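One-letter residues, chain by chain:
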Amino acid sequence: MAVQLEPEDFAKYPFLEEAQDFVRARGYTLDRILTSSSGKIIATKAVDRILFALSSKVRFDDTIKLESVEKEILSYSIARILIVCINNRAITEKLMHYESDRVRYFLDKELTDERGSPEKKRIIIETIGIAPDQEALPVRAYVELAAGLRDDSWRLVNRDIQNGLVKIHNDEIESIVREKLRIILHKKLPREVPEEICSRLQPLIEQITRANQEHILESYGDIEEGCFPPCIKALIAAVASGANIPHTGRFAITAFLHTIGMHPAQIVEIFSQAPDFDLSRTVYQVEHITGRSGTEYTPPSCATMRTYGLCVNRDGWCEHVHHPLSYYRDRKKKEQKKSEPTD
Ligand code: SF4
């Protein structure tokens, strides 16, 4: 007998069209959710999804409860509306990773749980266009997937390509499924949310933005210039010496310093050392990059810094990172450990 997905499966895999049809068929509209008494519970669940995504401590274990199928699916949808209103790339990426990890968690349980079903795992994976025994992918599909995978082994130059197909090893399927899920979840995000809806969600948006700020401060702590990556140190030194640095460099400094918790006024102060310093123009640029425009930008990755020609003075720490922010966080953690008193 063919295996059918059941309502409980829709709570585990809310991105499925069937899951969305399931709640639509019950007459749920955004207005009804926001005004109903159960709407509060759904909204709280939606915020929790995002707060879990922001927290680095989240583990997918049996604490995940699927109390109500409808609330689970709707909280997934409201969380997505919330992040479109917030329009912060870092928060969006974290939610996409969280949701894709959550799906992966339930897919694994299909194999290990008494009530799980390997057949259901196969159905879900095939829904996203991957066969469980996929041996190769067309180059175009592969390139889209590999763009988000960091290890050098995913780079096209390191792959076996035959007749326009990139060979896939068995042990790579899990990573491919995870990445494909992340891409699909991204593509399914609402393109825009009406201003009026975002206004109604404002208290929740503020709660999330505050939590994100706290999370940033917790993960980066006090600013330690000694732990800045060499690229950022070089850019700051160049500004101080009066060199004319390109826009990409100004962007990298501003987004980096903002993300680790520096106040925009302090960032402007750094640029004030440049001989061609123009206060109003600098304030405008810094405020634009740090979120006044409604979009908060994240600093460029090492790969992008290399493309800009800004990856300079690499040192031993650079060997282990893909992002200047990881360099800073890792190095700071290590330095702090070293200075902790030993018993
Ligand atoms: S490898 Fe990354 S952190 Fe190191 S200098 Fe280059 S861009 Fe900066």
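Numbering of residues starts from 1 in every chain and runs along the sequence as written. In keeping with the model being predicted, local features are shown solely for residues with a pLDDT of at least 70 and side-chain atom pairs are shown and tallied solely at 80 or more, while totals for entire chains, interfaces and linings include all residues. Hydrogens are left out, water is left out, and the side-chain values use all remaining heavy atoms of the structure.

(A) Looking closely at the domain arrangement of the protein. We note that the domain assignment places domain 1 (7-127 + 190-213) and domain 2 (221-339) within the protein. Start and end points for every domain follow an automatic or database-based domain assignment. One C-alpha centre belongs to domain 1, the other to domain 2, and the line joining them spans 34 Å.

(B) Main features of the state of the cysteines. By convention in this document, the label disulfide applies to cysteine sulfur atom pairs within 2.5 Å. Inspection of the entire model under this criterion finds one disulfide. Each sulfur of the disulfide joining Cys-85 and Cys-198 lies 2.2 Å from the other. Here the S-S torsion is close to -85 degrees, and the disulfide linking Cys-85 with Cys-198 is therefore left-handed. With Cys-85 in helix α5 (residues 69-86) and Cys-198 in helix α10 (residues 195-200), this residue pair connects regions lying 113 residues apart in the sequence. We call a residue buried when its accessible area falls under 20% of the maximum for its residue type, exposed when it is over 50%, and partly exposed in between, using a 1.4 Å probe and counting protein chains only. Residue classification places Cys-85 among the buried residues on the basis of a relative accessible area of 17%. Free of any disulfide, Cys-227 has its nearest neighbouring cysteine sulfur in Cys-318, separated by 13 Å. Of the residues examined, Cys-227 reaches a relative accessible area of 6% and is grouped as buried. Segments assigned H or I by DSSP are reported as helices when at least four residues long, segments assigned E as strands when at least two residues long, and all are numbered from the N terminus.

(C) Highlighting helix α9 (residues 173-187). With 15 residues, α9 extends 21 Å from end C-alpha to end C-alpha; this agrees with the ideal 21 Å at 1.5 Å per step. Among all positions in α9, only Ile-173, Ile-176, Val-177, Glu-179, Lys-180, Leu-181, Arg-182, Ile-183, Ile-184 and Leu-185 are buried. In this analysis, two residues are considered to be in contact whenever any of their non-hydrogen atoms come within 4.5 Å of each other. Looking at the buried side of α9, the elements it contacts are α5, α6 (89-112), α7 (118-127), β1 (136-138) and α8 (139-146). In this analysis, the expected span of each helix is defined as 1.5 Å times one less than the number of residues it contains.

(D) Molecular detail of the pattern of salt bridges. Only one rule defines a salt bridge in this text: a Lys or Arg side-chain nitrogen within 4 Å of an Asp or Glu carboxyl oxygen. One pass over the full model with this rule turns up 27 salt bridges. Here Glu-99 and Arg-49 are joined by a salt bridge, their closest N and O atoms 2.7 Å apart. A residue pair is termed long-range when its members are at least 10 positions apart, and Glu-99 in helix α6 and Arg-49 in helix α4 (residues 37-54) qualify at 50 residues. Using a relative accessible area of 4% as the deciding quantity, one classes Arg-49 as buried. Measuring nitrogen to oxygen at the nearest pair gives 2.7 Å for the salt bridge that ties Glu-179 to Arg-182. Here the residue Glu-179 and the residue Arg-182 both occupy positions in helix α9, the gap between them amounting to three residues, near one helical turn. One network of salt bridges, in which partners are shared, links Glu-6, Asp-9, Lys-12, Glu-110 and Lys-120.

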